[in-house]
Amino acid sequence: MSFGQGGPQSQWDPWKPQSQQPWNSGGGQSPDWAALAEASEARNRRRRLFLVGGGALATVAIGAAVAVAVVSAGGDSSQAGTPTSQVPSADIPSESASAPSFAPTSAPPPLDPKDFIASAKKDTAPLSPDTLFPGTQLTMGETTYKKGPTADTKNCASASGGTLPKILTANDCTRLIRVTYSADGIAVTVGVAVFDTEAQAAKAKGQTNKKSFVKSLSGGGVKPFCESGFCRTTSNSYGRYAYFTNAGFTSGKDVTTKDTKVFATGDNLQLFTFRQIHRRGQAQASAAANE
């Protein structure tokens, strides 16, 4: 049994020409399906052509933009493959003869004061008891020493005793300056022997012993001391100078190891003498630097 129109039902395919729907809407004339299918195919072909054409135009546009970017960056098309981390190098001007020059800013090393007291050739400043031992007194720590008599002789052996005269003569001592300081019943005579070279002074000092001493210098309110008995003596050298101390009691009392004040007096005057010789070198070094 069949309903509706008789005959076999047609298989409708909207994309196949000549196919029909199995029903009529409103019972009127059926649409021209073939025409509709052709129109649809034509629209699809135009869409595909548009997409292909648009893609090509987009590719051309992108390529043009890249080319513009490369040109605007100052490169050419051959640099397109250069990594972005590489920056085009600029020409650095080479140093020319007209480049400005600058004087060195570092100051020369200071002159060594000892160089000026190492030999008679450079140690030319005036020398006397008053230049080495100026003023009328000396304060070292809490003690003030009164300056006493001074002496200056070219006969070094005459102002020295024990084994020292022979040593000074053998090493060509040219001068021996002496000065005495005193405080609280203790007196010390300082003797500065002058040589032409530092080597001579160092050799003379190295040859001294406990029996090498400068003669004590009294007078000017200082009683004789260290003319007999035991006194404390020292010897040293700096530059072309060898310097000695002879310290003891003005009462004539012998000095023992327990008499620390006598030792302190000799040490203070020995240190002061070293400083005065060094200042002599400093003064000459400073004058030479300012020439």
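Analysis parameters
- Residues numbered from 1 in each chain as written.
- Predicted model: local features only at pLDDT ≥ 70, side-chain atom pairs only at ≥ 80, totals over all residues.
- Heavy atoms only, no water.
- Helix = DSSP H or I, 4+ residues; strand = E, 2+ residues; numbered from the N terminus.
- Buried < 20%, exposed > 50% of the residue type's maximum accessible area, 1.4 Å probe, protein only.
- Contact = heavy atoms within 4.5 Å.
- Pairing = 2+ DSSP bridges.
- Axes fitted to C-alpha atoms, helices over the stretch in contact; angles between N-to-C directions.
- Core = buried A, V, L, I, M, F, W, Y, C linked by side-chain atoms within 4.5 Å.
- Salt bridge = Lys/Arg side-chain N within 4 Å of Asp/Glu carboxyl O.
- Disulfide = S-S within 2.5 Å.
- Phe/Tyr/Trp six-rings, centres within 6.5 Å; stacked < 30°, edge-to-face > 60°.
- Lys NZ or Arg CZ within 6 Å of the ring centre and 35° of its normal.

Visitor: Help me understand the overall build of the chain in this model?
Guide: Of the regular secondary structure elements, the chain holds 5 helices and 8 strands. For the chain, the N- to C-terminal ordering of α and β elements is α-α-β-β-β-α-β-β-α-β-β-β-α. Looking at the chain residue by residue over its 291 residues, the buried ones come to 31%. Within the chain, contacts between residues at least 6 apart in sequence are counted, and of these 65% link residues at least 24 apart.

Visitor: Can you help me understand the sheet that holds strand β1 (residues 137-140) in this one?
Guide: Adjacent strands of a sheet pair through backbone hydrogen bonds, lying either parallel or antiparallel. Spatially, the 6 strands line up as an open sheet ordered β1-β2-β4-β5-β8-β7, and their pairing is antiparallel. The sheet terminates laterally at β1 and β7 (232-238), the two strands that pair on one side only. Looking at each pair of strands side by side, their axes are set apart by 25° on average, direction ignored. Across 9 bridges, the pairing between strand β5 (residues 186-194) and strand β8 (residues 241-249) is antiparallel. Along β8, the bridge assignment pairs glycine 191 with phenylalanine 244. This element, helix α4 (residues 198-207), spans β7 and β8 of the sheet and lies at about 155° to β7. Strands β1, β2 (143-153), β4 (175-183), β5, β7 and β8 of the sheet are contacted by helix α5 (residues 260-289), whose axis makes an angle of about 155° with β8.

Visitor: Looking at this structure, I do not really get the nonpolar core. What am I missing?
Guide: Across soluble globular proteins, nonpolar side chains show a tendency to be buried alongside one another. Judged by nonpolar contacts, the single largest core of 26 residues is most densely connected at Leu132, Phe133, Tyr181, Val192, Tyr241, Leu269 and Ile277. Contributions of two or more residues to this core are made by β1, β4, β5, β8 and α5. Broken down by element, the residue count for this core peaks at 5 residues, all from β5. Apart from residues lying up to four places away in sequence, leucine 269 is in contact with Leu138, Tyr145, Tyr181, Val188 and Val190.

Visitor: I tried to follow the pattern of salt bridges on my own but got confused; where do I start?
Guide: Here the idea is simple: oppositely charged side chains can pair when their charged atoms come close. Inspection of the entire model under this criterion finds 6 salt bridges. Of the charged contacts in the structure, one is a salt bridge between glutamate 198 and lysine 114, with a shortest N-O distance of 3.1 Å. Placement of the pair is glutamate 198 in helix α4 and lysine 114 in the loop between α1 (33-72) and α2 (129-132), with a sequence separation of 84 residues. Between arginine 280 and aspartate 123 there is a salt bridge; the shortest N-O distance is 2.9 Å. With arginine 280 in helix α5 and aspartate 123 in the loop between α1 and α2, this residue pair connects regions lying 157 residues apart in the sequence. Taken as a pair, arginine 280 and aspartate 123 share a single burial class, namely buried. The network of salt bridges with shared partners includes Asp123, Arg240 and Arg280.

Visitor: Looking at this structure, I do not really get the state of the cysteines. What am I missing?
Guide: A covalent bond between the sulfur atoms of two cysteines is referred to as a disulfide. Overall, the coordinates contain 2 disulfides when judged by the stated rule. With its sulfur 2.1 Å from that of its partner, cysteine 156 forms a disulfide with cysteine 173. Given an S-S torsion of about -75°, the disulfide between cysteine 156 and cysteine 173 has left-handed geometry. One end of the pair, cysteine 156, is in the loop between β2 and β3 (160-162); the other, cysteine 173, is in the loop between α3 (164-170) and β4, with 17 residues separating them in the sequence. You'll find cysteine 156 and cysteine 173 in the same group, each marked buried. Cysteine 226 shares a disulfide with cysteine 231; S-S distance 1.9 Å. Around the S-S axis, the bridge from cysteine 226 to cysteine 231 shows a dihedral of about -105° and counts as left-handed.

Visitor: Can you walk me through the packing of aromatic side chains in this structure?
Guide: Geometrically, a pair of aromatic rings is defined through the distance of the ring centres and the angle of the planes. Tallying each qualifying case throughout the model produces 4 aromatic pairs. Both rings, one in phenylalanine 133 and one in phenylalanine 272, keep their centres 6.2 Å apart while their planes meet at 40°; by these two values the pair is tilted. With a gap of 139 residues between them, phenylalanine 133 in the loop between α2 and β1 and phenylalanine 272 in helix α5 connect regions that are remote in the sequence. The buried category is assigned to phenylalanine 272, whose relative accessible area is 9%. Pairing tyrosine 181 with phenylalanine 272 gives two aromatic rings, centres 6.4 Å apart and planes at 80°, and the pair type is edge-to-face. Here phenylalanine 272 lies in helix α5 and tyrosine 181 lies in strand β4, a separation of 91 residues in the sequence. Overall, the relative accessible area of 0% leaves tyrosine 181 in the buried class. Chaining the aromatic ring pairs together yields one cluster made of Phe133, Tyr181 and Phe272. For lysine 122, the ring lying beneath its charged end belongs to phenylalanine 116, and the centroid distance is 4.2 Å.

These values are about where atoms sit, not about what they do.
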